[in-house]
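For reference, the chains in residue letters:
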Amino acid sequence: MRLNKVVKSLAVAIPMFALAACGSTSTADADSQETNQSATQNDTVVTAPVVKELTPAEKQRLVLQELQKEHIIYFDFDTATVSNTFATLLDAHAAYLRVNAGTTILVEGHADERGTPEYNIALGERRAKAVSRYLEGLGVNGSQIETVSYGEEKPLDNSRSEAGFATNRRAVLVY
Amino acid sequence: MKLLPKILCLCSALYSISSHAALDIVITEGVDSARKVAVVPFKWLGTGPRPASITNVISSDLRFSGRFSPTALFSMPQNPSTDSEIDYAAWGATQIEAIVVGTIKPYTQGRYIVGFELIDVLRAQVTNGSAKVLSGGKLITSNDHILDSRETVISAKEFRQYGHRISDVVYEKLTGERGAFRTKIAYVLVDRNNPTYKYRLMIADFDGHNETEILRSKEPLMSPSWSPDGTKLVYASFENRRQQIFIQDIYTQKREKVSSYRGINSAPRFSPDGKSLALVLSKDGNPDIYTLHLATKRLVRVTRNRAIDTEPSWSPDGKKLLFTSERGGKPQIYQVNLVSKRITRVTFDGEMNLGASYIGKNGQIVVVNRTRGKYHIAKQDIKFGNVQVLTKTRLDESPSVAPNGSMIIYGTMHRGRQVLGLVSIDGRFKARLPVSEGEVKAPAWSPFIF
């Protein structure tokens with residue numbers, strides 16, 4: 001199985017999350033931590049923490065949380081070509097979907113507000129399908145992927161500026 | 001003496017609930033060659049407060065058509081209320097060719113008798129109000145300068161509607177064409193600040209008054225379009241997290257899901273006979289045009305192409321469809337004959353042409369034309385190909401033509417918001433219909449309802 005950088009870094013990150021979670025049982029406040037520490041040092045006994053092993057479900061959830069932070073693929077005007085810029089991002093999602101074959105994903109296709117709403121529905125579908133094909137090319141089972149096009153109906157940026165248009169021309173991976 | 005046609009009609013105002021006008025017309029461009037007419041404020045013959053003004057409705061209707069330029073009150077030589085009070089010579093000097101005069105009388109509780117006369121000022125000057133004409137071999141006196149004259153009982157709620165009715169009479173008498181002032185528009189209102197129901201399907205009078213919600217949804221609503229009898233709307237809805245097509249009876253609220261194929265279910269349009277829909281489905285791979293017979297559910301694939309085909313629009317005889325296709329590289333308008341399946345390209349001017357529909361039976365179409373990156377509403381002759389760009393605003397889309405072909409309503413941008421624009425078919429008169437909250441899109445002009 002080929003793990004990419006994101007997933008690898010998560011392998012390191014997960015135990016650290018767990019450690020952080022155990023370290024602050026009652027409060028994360030700096031003052032009270034100091035008080036706790038001094039109280040422990042004054043005692044004749046010292047307790048030591050044990051890192052709790054995460055269940056596979058918890059691990060999967062954390063990986064997914066990380067993936068969901070990077071889940072938007074942007075497109076150039078009137079095109080549906082997946083740019084190389086998003087190769088790493090899509091690799092990570094593909095890796096996750098290959099391992100978790102029971103997981104399904106919805107790829108939403110969106111367009112900017114230029115042109116007609118109906119044409120943009122078609123364009124949004126083309127983008128969603130381009131991403132779907134890309135994931136399938138990386139070994140994801142096609143039955144795990146659904147697509148929907150919202151055209152220009154759900155813009156992220158309403159400014160109608162060039163930057164706003166660029167933000168809205170996108171495909172979104174929804175778990 | 002000509003019999004005055006008296007009609008007692010019960011113009012039941014369909015939507016009388018909302019009295020506040022959510023849409024306001026703002027005239028963005030004047031008309032230089034419109035015909036001068038005058039709508040004299042109707043005389044109130046009752047006691048107590050005067051009921052709502054009918055004459056404002058008539059004046060603004062006539063102005064929207066782009067064909068007429070109603071005279072301001074201060075430019076009228078006198079304020080007559082009947083033909084007998086009119087000083088023909090004084091009006092003749094104003095270059096006003098026709099005037100509307102009338103009276104409002106109390107009838108029973110909450111009801112009024114509204115009477116009006118449409119006077120041809122030029123004719124009246126010639127005949128001085130009484131022409132001698134031959135009828136059955138005899139010379140008789142005629143008042144043929146009175147082009148129309150009616151009296152009707154209406155309720156207080158029906159004033160606007162009856163004003164539109166008078167506008168229709170005036171328009172038809174003076175142009176020879178049917179007026180479209182009692183038609184409606186459907187559109188989608190998007191309120192991005194609403195935490196739940198962001199998308200609303202609305203109906204209003206063509207001038208934006210009597211706005212009424214007929215559906216609200218948490219998910220996008222698109223492409224409303226009227227049935228030819230004006231009782232139903234077909235539209236696309238994402239309420240089930242995918243695009244599906246519904247038909248809704250606007251009076252009974254009955255809804256029916258008519259298309260829910262895998263992929264796109266988009267751009268539905270009723271056929272002129274109301275029996276079929278043209279629509280766009282991508283179930284067979286990519287967006288193509290289909291027709292769906294509503295009674296038998298029989299689906300016929302019209303286009304078969306690897307490019308995007310969308311936005312079908314019926315010809316008035318129901319034998320052809322216009323549609324947008326990018327089979328030539330960029331989106332352009334094509335026409336398909338539904339019998340022979342023969343496809344011809346219609347538009348060549350501009351980087352793109354989208355969202356076409358026929359303008360009545362006169363061989364012209366309206367399109368969204370993209371030239372040098374700008375999207376404008378344009379008109380094109382199918383046979384000769386000459387193009388006239390009608391709008392100058394930004395990001396114009398979704399043109400819909402009035403059933404008499406006189407005006408086009410479309411989506412446009414104003415101060416960063418999506419609003420509705422209205423343009424006369426010659427492009428000379430423009431108005432904007434902004435709403436107080438949210439964005440207005442996808443306007444669809446109804447057929448003749450009355």
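Being a predicted model, the structure only gives us computed values, none of them experimental. Sequence order sets the numbering: in each chain, residues are counted from 1 along the sequence as written. Key to labels: chains lettered from A, ligands numbered from 1, both in the order written. The model is predicted, so local features are restricted to residues of pLDDT at least 70 and side-chain atom pairs to those at 80 or more, both for listing and for counting; the totals for chains, interfaces and linings are taken over all residues.

A. Geometry of the overall build of chain A. Counting its secondary structure elements, chain A contains 6 helices and 4 strands. Each helix and strand of chain A, placed in order from N terminus to C terminus, yields the pattern α-α-α-β-α-β-α-β-α-β. Backbone-placed C-beta atoms define the burial measure: a residue is buried with 20 or more other C-beta atoms within 10 Å of its own, exposed with 12 or fewer, and partly exposed in between. Per-residue burial over chain A gives 31% buried out of 175 residues. Whether two residues are in contact is decided by their C-beta atoms, placed from the backbone, lying within 7 Å. Taking the intrachain contacts of chain A between residues at least 6 apart in sequence as the baseline, contacts between residues at least 24 apart amount to 79%. Helix and strand labels come from DSSP, where a helix needs a run of H or I of at least four residues and a strand needs a run of E of at least two; each type is numbered from the N terminus.

B. Up close: the overall build of chain B. Looking only at helices and strands, one finds 4 helices and 33 strands in chain B. Summarising its shape, the C-alpha atoms of chain B cover approximately 75 × 50 × 45 Å along the three principal directions. A buried classification covers 47% of the 450 residues belonging to chain B. Looking at chain B alone, contacts between residues at least 24 apart form 47% of all its contacts between residues at least 6 apart.

C. Summary view of the packing of helix α1 (residues 55-64) of chain B against helix α4 (residues 159-175) of chain B. Residues and elements named next belong to chain B. At a minimum axis separation of 8 Å, α1 and α4 run at an interaxial angle of 45°. The orientation of α1 with respect to α4, classified from their angle, is oblique. Regarding α1 and α4, the two cross each other, and that crossing is right-handed. Contact residues: α1 offers V57, I58, D61 and L62, while α4 offers R160, G163, H164, I166, S167, V170 and Y171. Only the contacting stretch of a helix is used when fitting its axis, a line to C-alpha atoms as for every element, and angles between N-to-C directions run 0 to 180 degrees. An angle below 35 degrees is read as roughly parallel, one above 145 as roughly antiparallel, one from 65 to 115 as roughly perpendicular, and any other as oblique. By the definition used in this description, the sense in which the near helix is turned from the far one sets the handedness, with an anticlockwise turn below a right angle giving left-handed and a clockwise turn giving right-handed.

D. The sheet that holds strand β18 (residues 276-281) of chain B, seen in detail. Residue and element names in this part refer to chain B. What the 4 strands build is an open sheet, ordered β17-β18-β19-β20; its pairing is antiparallel. A strand with exactly one partner marks an edge of an open sheet, and here the two such strands are β17 (265-270) and β20 (299-301). Here the strands of the sheet are splayed against their neighbours by 25° on average, with no regard to which way each runs. Pairing between strand β19 (residues 288-293) and β20: 3 bridges, direction antiparallel. Along β20, the bridge assignment pairs T291 with V300. Two strands qualify as a pair provided that DSSP identifies no fewer than 2 bridges between them.

E. Seen up close, the interface of chain B and chain A. At the junction of the two partners, chain B supplies 27 residues and chain A supplies 17 residues. Of all the elements in the fold, those that place two or more residues in the side of chain B that touches chain A are β13 (221-226), β17, β21 (309-314), β25 (352-359) and β29 (397-401) of chain B.

F. Seen up close, the confidence of the model for chain A. On a range of 0 to 100, pLDDT expresses the predictor's confidence in each residue. Scored by pLDDT, chain A comes out at a mean of 82, with 76% of its residues at no less than 70. Residue range residues 10-35 of chain A is modelled with pLDDT below 50. Its contacts to residues more than four positions away, or to other chains, number 17 contacts.

G. Quick peek at the pairing of strand β4 (residues 170-174) of chain A. Bridging between strand β1 (residues 72-74) of chain A and β4 of chain A involves 3 bridges; their strand directions are antiparallel. Across the sheet, residue I72 of chain A finds its bridge partner in β4 of chain A, namely V172 of chain A.

H. Main features of the domain arrangement of chain B. The domain architecture assigned to chain B consists of domain 1 (26-175) and domain 2 (184-445). Residue ranges for the domains originate in an automatic or database domain assignment. Averaged C-alpha coordinates put domain 1 of chain B and domain 2 of chain B at centres separated by 36 Å.

I. Layout of unusual backbone geometry. Residues and elements named next belong to chain B. Non-glycine residue A267 carries a positive phi angle of around 50°. In this structure, K297 takes a positive phi of about 65° despite not being glycine. Assessed through the 9 C-beta atoms surrounding it within 10 Å, K297 is described here as exposed.

J. Seen up close, α4 of chain B. All names here are of chain B. One less than the number of residues in a helix, times 1.5 Å, gives the span that helix is expected to have. Under the 1.5 Å per step criterion, the end-to-end length of α4 is 24 Å for 17 residues, consistent within 8% with the ideal 24 Å. The element α4 is extensively covered by neighbouring structure, given that 13 of its 17 residues are classed as buried. Just beyond α4, the residue with positive phi is G176, at close to 85°.

K. Highlighting the sheet that holds strand β24 (residues 343-345) of chain B. Strand order in this open sheet of 4 strands is β21-β22-β23-β24 (chain B), and the pairing throughout is antiparallel. If you trace the sheet from one side to the other, it starts and ends with β21 and β24 of chain B, each paired once. Strand-to-strand, the axes of this sheet are offset by a mean angle of 30°, without reference to chain direction. In the sheet, strand β22 (residues 320-325) of chain B pairs with strand β23 (residues 332-337) of chain B via 6 bridges, with the strands oriented antiparallel. Each bridged residue has a counterpart across the sheet, and for F323 of chain B the counterpart in β23 of chain B is Y334 of chain B. Against the sheet, helix α5 (residues 117-137) of chain A makes contact with β21 and β22 of chain B, and its axis sits at roughly 150° relative to β21 of chain B, the strand it touches most.

L. Just the nonpolar core, in detail. Residues and elements named next belong to chain B. If you look at the biggest cluster of nonpolar residues, it comprises 85 residues, and the most contacted ones within it are A186, Y187, V188, L279, I365 and I408. Here the element with the most residues in this core is strand β10 (residues 184-190); it accounts for 6 residues. If near-sequence neighbours (up to four positions away) are discounted, V188 is found in contact with Y199, L201, L221, M222, P224, K441 and A442. Nonpolar core, as used here: buried Ala, Val, Leu, Ile, Met, Phe, Trp, Tyr and Cys residues forming one set through C-beta atoms within 7 Å. Within the second largest apolar cluster, 32 residues are counted, among which are V37, I99, V121 and V170.

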